[in-house]
Amino acid sequence: MPTDGKIETYGSGIAIDLKGKVALVTGSSSGLGMEIAKYLAKAGAKVAIHYHSEKQPADALADDINKNGGKAAVFGGDVSKLNEVTSIFNSIDSQLGPIDILVNNAGIDGKRELCGDDNPADWERVISINLLGPYYCSREAVKRMKKKGSGVIVNITSVHEFLPWSGYTAYCSAKAGLSMFTKTLAQEVSDFGIRVVSLAPGAIKTPINKDVWGNPETYKDLLTKIAMPRMGETSDVAKAVAFLVSDMSSYVTGTTLVVDGGMLLYPAFKHGG
Ligand code: BGC
């Protein structure tokens, strides 16, 4: 078997090791972000838990990590406001040190509204949080990562970077835009030892889509849209993020890893064309 010359013992397992790394996960007071923060802490990273409005669960998560052998601190602020992002990064610098890993996870679906019958302020809000937020955070991250000569940024997009979704023009536009941001930034920073990747989750069971999985009829309909016979769990995504931010994906940049149980596989074709 060809190796990179580093394997000395076969059968000892291959670990994801983030010891010595500082990671910021935006929107980690609930759902996907919370699970991602737990996995990165489990892999040894010091984790900056970020929240916007829910401080209590963010504090509880940090306590849990700190009591069980990890290291975490909590930072509040609005990722769609440039000055708040700057102060979050400055506080992380002084409490944990400059970050090595950024997971741009904070996001909202927004209201279901058809274009023309909608409120432009709702559109702007979705774009601000889902696209401007990752941009503001990435520019602070890149400044620090360039000094270190290394770093990884993971942008949590969605299957809706590829799939249109009626009533969600803002969300789909933000996610497709974020995907192109990933590629362009990856090209820009490739000489500095920095990787930038997107991770596109499908339907993952979190508070964001509780109105769908919480109702038997819409849940049944949702399952027809997924090739595997289940919704995703937050751990399905968190494991993939741990891979992407680790050295296990050392040559992966500027692309999207889709974690959707086959939502993009036109699952209706299972039953004939
Ligand atoms: C949305 C979820 C939705 C999933 C699949 C995600 O990006 O946030 O609400 O269930 O896409 O449509």
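All of the points below concern the structure found in this document. None of these values were measured; they are calculated from a predicted model.

Right, let's get into the pairing of strand β4 (residues 101-104). The alternating pattern of β4 places I101 and V103 and L102 and N104 on opposite faces, both of which are buried. With three bridges connecting them, strand β1 (residues 22-25) and β4 associate as parallel partners. Across the sheet, residue A23 finds its bridge partner in β4, namely I101. Judged from the four bridges that link them, β4 and strand β5 (residues 151-156) form a sheet pairing that is parallel. Paired with L102 across the bridge in β5 is I153. Taken together, β4, helix α4 (residues 120-148) and β5 constitute a β-α-β crossover, and its handedness is right-handed.

It is worth spelling out the site of the ligand at this point. Near the ligand you find D109, S158, H160, W165, Y171, G202, A203, I208, N209 and M263, and these make up its full shell. The separation between an oxygen atom of the ligand and a polar side-chain atom of D109 is 2.6 Å. S158 places a polar side-chain atom, nitrogen or oxygen, 2.6 Å from an oxygen atom of the ligand. Here the ligand has 310 Å² of accessible area as a free molecule, and 88% of this is covered by the chains.

The sheet contact formed by strand β2 (residues 46-51) and strand β3 (residues 71-76) spans six bridges and is parallel. Paired with K46 across the bridge in β3 is K71. A crossover links β2 with its parallel partner β3, the connecting element being helix α2 (residues 55-67), and its sense is right-handed.

Let us look at the environment of S166. Checked against the element boundaries, S166 lands in the loop between β5 and α5 (169-189). When the C-alpha atoms of S166 and C115 are compared, they prove to be 9.2 Å apart, with 51 residues separating the residues in sequence. Residues contacting S166, with those up to four places away along its chain left out, are R112 and L114. Within the structure, the side chain of S166 is placed 3.4 Å from the side chain of R112, a separation counted as a polar contact.

Mapped onto the fold, V189 is located in helix α5. Distance in space between the C-alpha atoms of V189 and S80 is 23 Å, their sequence separation being 109 residues. Setting aside its immediate chain neighbours within four residues, V189 contacts V142, I194 and V196.

Calculation rules
- Residues numbered from 1 in each chain as written.
- Predicted model: local features only at pLDDT ≥ 70, side-chain atom pairs only at ≥ 80, totals over all residues.
- Heavy atoms only, no water.
- Buried < 20%, exposed > 50% of the residue type's maximum accessible area, 1.4 Å probe, protein only.
- Helix = DSSP H or I, 4+ residues; strand = E, 2+ residues; numbered from the N terminus.
- Pairing = 2+ DSSP bridges.
- Right-handed = clockwise from strand over helix to strand, strands pointing away.
- Near = heavy atom within 4 Å.
- Polar contact = N/O pair within 3.5 Å; in protein donor to acceptor, adjacent residues only side chain to side chain.
- Areas by Shrake-Rupley, 256 points an atom, 1.4 Å probe, with all protein chains shown as cover.
- Contact = heavy atoms within 4.5 Å.

None of the figures reported here should be taken as evidence of function without further support.
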